[in-house]
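# Observations on chain architecture
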Amino acid sequence: MKRYPRYCLTQKSAPASRVSGVAGKAVHLFGKLLILCWCAFTVALIGWVVLASFTPTRDIFQNQLLADGLNMDGYTTIMDRYHIMSYFFNSVLYTVCACAGLILFCAPAAFVMTKFTFRGRRVFQTLFSISLGLPGVMLLAPLYMMLVKLDLHNFRGTLIIVYLCTGISATTVYLMGFFATVPMTIFESGLIDGCSHIGAFYRLIVPLAKPGIVTITIFNFIGYWNEYIWALVFSSKQANRTLAVALQTLVTSMQTTGNYQGLFAGVVIVFIPTVIIYVLLSKQIMSGATAGAVKG
Amino acid sequence: MKKSLHRMYLAFLSPVVIAFLVAYLYPVLRTVQMSFYEVSDISSSSDTWKFVGLFNYLDLFSRQLFLVSFRNMLLIFLAGGAAVFLISLFFAWVLHKGMFMGELWRNLIYLPTVITPVAMITVWTQYVYNNRFGLLKTIFETLGLDTLAAIPWTSTQYAFWAMLLAYCFCSIGGNLLVYMAAMKKIPDDLFEAAFIDGATEGKIFFRITLPLIADNIKTQFTFWTIGCIGFFLWSRVFSVVPSDPTTITPASYMYDQLFGTSISSNAVATSGTNVGMGAAIGVVLCLVTVIAMAVINLIFPKEKYEM
Amino acid sequence: MKKFVALVLVLALALTCFAGCSSSSSSSQAGSSSAASGGSDSGKQLSGKVVYWSMYNEGEPEAMAIQKAAEMFMADYPDCEVEIQWTGRSNQELVGPALEGGEQIDILDNFSYSTSTDRYLDITDMMQSPALGQEDMTVEESLLPVLNQANAQGQEAAGLATDKYYGVQIAPWVVGFFYNKDLFAQAGVTDTPTTWTEFMEVCEKLKAAGINAITCDDAYMTLIPNNYLARLVGSDTIKAMSADAADPAWQSEQITQAFQAMEALSPYMSPQTATNKYPAGQQEFALGDAAMYLNASWMPSEVAETAGDDFPWGFFAFPVVEGGVEGAGYTSVGGVPLAVYSESPNPEAAKEFLRYVLSKEVQDYLAEVGGAPATVGSEWTGARAECTDVIAAADKVASLNCDLSSEFVSAVFTLEMNKVLTGQTTADKAVETLTAESAKY
């Protein structure tokens, strides 16, 4: 971080935010207006979902949202009929374990793959990047059959194992980008001070890598919270079901009973946690958002 | 010292290597193997498989619906990609240059990304595109743009573009976030110098900003490519009609071949499974991924700008 | 290193804990059923667990009825336990792999016999045993004849013997036009149409009265052309067409006639049809903005919240196409198949549980909570009551899509038909496209 002299901080506009030229200013103004419209559109969109969850179905399809005031039937139906809270607990469990496990496995690996040269390193890097692009549907069946043979298909931790295994490439590749920006001098000084390699990593590098770790964890959290296909196949039993899968079954059962108010109420219940997490942690997300760039 | 280093290699690399072998290598090899066999059901054991050589591949490329799905995927990649990258870069530039309550706008643009696609698709199809009270219709009518207001967005003619528009809308936030963060890291002195030299804004953007965030653009572009190759959920939820040629993509076609049914409860048509062919699609998509990665590495500049 | 090992251990420990949790099942323990089910012949000594993976979701009427059957069954056989997994509509994708993995599943539903012919146990003996609550007849006789016919057709298509039962159908549905009685009266239509000509006259009357005659949405639009074409060319030809895009019938005069009929129908379709994404068309009908909607008898529950209790529901069979092969009895009818897994560890209890599901009391309860009962004596309730005549008159069973389903059909035929129906193209152009494209499939 570069320190500016004090007078620089009092300066009204930093050089980065100055727009050069009349044309540039005009384009900037146009951009601002466009962003305002875009945001208004987003608010309308998401606001519609929220309001629809408080509106009886008949009024939703006539576009008379909240015509009869706040109607809580959608939420009470869901709370009464579906064990939404137990699915909520499952989702928290899977998501937290998967996120923690991924950092535990991927951060050290990404560190080694970025900062050390060893035979096969290039191969690792390439394989990991390519594996990012494999369609998940393709991995599904063989993986399932393998877990079945290992007699693991019917066990609550299976989904976590699957998330861990399939998530490694994305998390590792992201963290590789992040570690590329972390200076090695500290690590080396740690070694001179008598730390082992592993010890130096945990004591000296991990604290430095915190922003990147926080960011990828938030991305992972949002991803796994909404994840559907893997959760459907690997936690097919009701007791193990996640919120995203429950939402899908809720959507079908609301459709077959024509209760679109309940459908939207379910949607709101599922997205509120992710929105809260995002809003609370948006600063951290921003600080680590660039780390994913694969250098070189 | 050396021992300590080797111990670190072992401890740090072995978990991910094992996970990689389990979750990627094995399924890929298995899929490649399956693609040369006739397999009746996804769960049928390997002793019931029948070797058919390259038949699945030949059959696949003679299938019109697969070619249609491939064309759809390319269109999403090119048209959607152009829109997403241009808009997100532009928005990132605007917000980077400063805007009243910029953080709020950034968060709002990002918001659709965190909401489950199932919800977003329902809103777009039932509300935004509705041709009686839809948001788009209302907006265009208020602006007096009657031709635009009259577009039947979700009819077979426009359904693909409607899906793409909604998908792009939800994809912009993620890109914007990364570009803004990257622009923030560019040292002020560079802008200052250019400003004092009287460079136009266009020059500053293309000569300084863009090259310095090229790495990030490359990463985002890689993710976009991957997203297009695996494009699945939007296609299936946007159209409840199975194998709808207007929105089908290869990954969705593969799902049909593997599982034979639709996620939707209202499926009027069901197809039989053809697991061998589904595997062949998987292999083809893998090859496409590898080629795409290679091309991306070729077209993005190798030279490194030091910050 | 130590830290790392410790973390791995903690994780491993956590995972084992979940393994422990997973063994606790979500089965509902028996609440004793109040009404006497009467029929449990105490001669049978049944015990053990019956596991049923169901395509229904909690809260749906069918799920409530099945739950009730489980409670009755467990009250009569205290040594038995029924565990039901409500896996939802993705059931079919989950059951195969789960069975392969050795999961205990005794009862399956919503399958196609042709997927795995060896998966289903012969339950003929259960079907021949006395029905619960209607002891003067067998289970087979107590079910709607069309359901048994639909089941036999499913078995036949998969190459299974048709004189045996490898499964049984519940939750019957029948396809026909739902109509709004008030709108019909408003347009001066007194009789429901039975032929295509009469049907077109009704459409004209509705249009003259300023009413949108028909609406539809993408999910069900294909039903209109499929039903027309199937009646015109007959069920054998349609199956041949389904099997082969190169079948000469695709180039026949009848195809042109079908496209022209849809073109003639297009002015009577609601202007919203082209853009309706499911459920927009249904909702349009339920809001009284259109007079007819072709669908299966489950539709009233799909729009229950919108239509309300006083909606003037009416229902008539798809009209007979003049000059066509099929007569008035040709109808899309079906149900949800239930079967006992051939390697079930507890087949006798599973079969007996099925008998409880098919009992009069359970089926009557199903009707009461808003589902369609499968037994002959049970009245269809609510809006579904309107469908009773049509299902009674059905004598030749077709599938929901009239047995017309293939890649060529989805990618070309349905798409072109939709365009014609919504006025986006003409019949002539559509036939041209169809002919050109059929060579590619």
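Residues numbered from 1 in each chain as written. Chains lettered and ligands numbered in written order. Predicted model: local features only at pLDDT ≥ 70, side-chain atom pairs only at ≥ 80, totals over all residues. Heavy atoms only, no water.

### A closer look at the overall build of chain C
Just so we agree on the cut-off: For the purposes of this entry, the term helix denotes a DSSP run of H or I that reaches at least four residues, the term strand denotes a run of E that reaches at least two, and both are numbered from the N terminus. To get the radius of gyration, use the C-alpha atoms; to get the globule rule, take the number of residues to the power 0.38 and multiply by 2.2 Å. Exposure classes here rest on a 1.4 Å probe applied to the protein chains alone. A residue is buried below 20% of its type maximum, exposed above 50%, and partly exposed in between. Residue-level accessible areas treat just the shown protein chains as cover; the underlying method is Shrake-Rupley with a 1.4 Å probe. His is not counted, nor are the chain ends, whereas Lys and Arg count as positive and Asp and Glu as negative. The atom standing in for a charge is NZ when the residue is Lys, CZ when it is Arg, CG when it is Asp and CD when it is Glu.
Within chain C one finds 19 helices and 10 strands. For 441 residues, the compact-globule estimate of 2.2 N^0.38 gives 22 Å, and the C-alpha radius of gyration of chain C, at 25 Å, lies within 12% of that figure. If one aligns the C-alpha atoms of chain C with their principal axes, the spans along those axes are about 70 × 70 × 45 Å. Expressed as a percentage of its 441 residues, the buried residues of chain C come to 61%. As displayed, chain C has an accessible area near 15,800 Å², and 51% of this comes from carbon and sulfur atoms. Computed over 22 positive and 59 negative side-chain charges, the separation of the two mean positions in chain C equals 6 Å.

### A short note on helix 13 (residues 243–256) of chain A
Given 3.6 residues per turn, any residue in an α-helix points the same way as the ones three and four places further on. Residue and element names in this part refer to chain A. Put simply, the test is: The span you would expect from a helix comes to 1.5 Å times its residue count less one.
An ideal rise of 1.5 Å per residue puts 20 Å on 14 residues; helix 13 measures up with 20 Å between its terminal C-alpha atoms. Summarising burial for helix 13: 14 of the 14 residues are buried, a large majority. Of the residues flanking the end of helix 13, it is Gly258, one or two places downstream, whose phi is positive at about 65°.

### Things to note about the confidence of the model for chain C
Quick note on the threshold: For every residue, the predictor reports its confidence as pLDDT, a number between 0 and 100.
Taken over all residues, the pLDDT of chain C has a mean of 87, while the share at 70 or more is 90%. For this predicted complex, the interface score ipTM comes out at 0.86, alongside a pTM of 0.84.

### Concerning the pattern of salt bridges
All names here are of chain B. Operational definition: In what follows, salt bridge is the name for a side-chain nitrogen of Lys or Arg lying within 4 Å of a carboxyl oxygen of Asp or Glu.
Within this structure, the stated rule accounts for 17 salt bridges over all chains. A salt bridge links Glu38 to Lys50, with the shortest nitrogen-to-oxygen separation between them at 3.6 Å. Pair noted here: Glu38 is in strand 1 (residues 37–38) and Lys50 is in strand 2 (residues 50–51), with a separation of 12 residues, a long-range link. On the basis of relative accessibility, which here comes to 44%, the residue Glu38 falls in the partly exposed class.

### A look at the domain arrangement of chain C
Residue and element names in this part refer to chain C. Put simply, the test is: Domain boundaries shown here were taken from an automatic or database domain assignment. Contact criterion: two residues are considered in contact whenever any of their non-hydrogen atoms come within 4.5 Å of each other. In this description, buried area is defined as the sum, over both parts, of the accessible area (probe of 1.4 Å) that is lost when the two are combined. Identification of polar contacts relies on pairs of N or O atoms within 3.5 Å, with a donor-acceptor requirement for protein atoms, meaning one able to donate a hydrogen and the other able to accept it, and with residues adjacent in sequence counted only if both atoms are side-chain atoms. Residue type decides the class: Asp, Glu, Lys and Arg count as charged, Ala, Val, Leu, Ile, Met, Phe, Trp, Tyr, Cys and Pro as nonpolar, and the leftover types, Gly among them, as polar.
Split into domains, chain C comes out as domain 1 (49–173 + 334–395) and domain 2 (174–332 + 400–438). For domain 1 and domain 2, the distance between their C-alpha centres works out to 30 Å. With 13 residues of domain 1 at the contact, the number on the domain 2 side is 19 residues. Each partner contributes to the roughly 1,200 Å² buried at the junction of domain 1 and domain 2, and carbon and sulfur atoms together form 69% of this total. In terms of surface lost to domain 2, no three residues of domain 1 exceed Trp173, Glu386 and Val390, which account for 51% of the buried area on that side. Residues Lys181 and Glu386 are paired through a salt bridge, measuring 3.2 Å at the closest nitrogen-oxygen approach. Scanning the region where domain 1 abuts domain 2 turns up three residue pairs in polar contact (both at pLDDT 80 or more). The element contributing the most residues to the side of domain 1 that touches domain 2 is helix 17 (residues 388–393), with three residues. Taken together, the residues of the side of domain 1 that touches domain 2 sort by class into nine nonpolar, one polar and three charged.

### Side note on the interface of chain A and chain B
Accessible area lost during the coming together of the parts is what is often quoted as the interface size. Across the boundary between the two partners, chain A contributes 104 residues, which contact 102 residues of chain B. Buried area between chain A and chain B, summed over both chains or domains, comes out near 9,300 Å², and the portion from carbon and sulfur atoms is 78%. Among the residues chain A hides against chain B, the three largest losses belong to Trp38(A), Tyr278(A) and Met286(A). Together they make up 8% of the total. The interface formed by chain A and chain B holds nine residue pairs in polar contact (both at pLDDT 80 or more) in total. Residue contributions to the side of chain A that touches chain B peak at 19 residues, all from helix 2 (residues 22–52) of chain A. Each residue belonging to the side of chain A that touches chain B can be placed in one class, and the counts come to 71 nonpolar, 27 polar and six charged.

### Here's the deal with the packing of aromatic side chains
Let me state the cut-off plainly: Two rings belonging to Phe, Tyr or Trp (six-membered ring only in the last case) form a pair when the distance between their centres is within 6.5 Å. Interplanar angles under 30 degrees mark stacking, angles over 60 mark edge-to-face geometry, and anything in between is tilted.
Here the structure, examined in full by the defined rule, presents 78 aromatic pairs over all chains. Judged by centre distance (5.5 Å) and plane angle (80°), the ring pair of Phe88(A) and Trp225(A) falls under edge-to-face. One end of the pair, Phe88(A), is in helix 5 (residues 84–115); the other, Trp225(A), is in helix 11 (residues 210–226), and 137 residues separate them in sequence. The class for Phe88(A) is partly exposed, based on a relative accessible area of 26%. Ring centres of Phe178(C) and Trp313(C) lie 5.3 Å apart, and the angle between their planes is 75°; this geometry places the pair in the edge-to-face category. Taken together, the positions of Phe178(C) in strand 6 (residues 168–180) and Trp313(C) in strand 8 (residues 313–316) put the pair 135 residues apart, joining distant regions of the chain. Aromatic ring contacts, followed pair by pair, group Phe30(A), Trp38(A), Phe41(A), Phe90(B), Phe91(B), Trp93(B), Trp124(B), Tyr129(B), Trp153(B) and Phe169(B) into a single cluster.

### Quick word on the interface of chain C and chain A
Between chain C and chain A, the contact holds 41 residues from the first and 42 residues from the second. Taking both partners together, chain C and chain A bury about 3,700 Å²; carbon and sulfur atoms supply 62% of that area. Linking chain C to chain A there are seven residue pairs in polar contact (both at pLDDT 80 or more). At the level of secondary structure, the elements contributing two or more residues to the side of chain C that touches chain A comprise helix 1 (2–22), strand 2 (80–86), helix 3 (91–100), helix 12 (280–286), helix 13 (299–302) and helix 14 (304–307) of chain C. Considering every element that reaches the side of chain C that touches chain A, the biggest residue donor is helix 1 of chain C, with eight residues. A per-class count over the side of chain C that touches chain A returns 21 nonpolar, 12 polar and eight charged.

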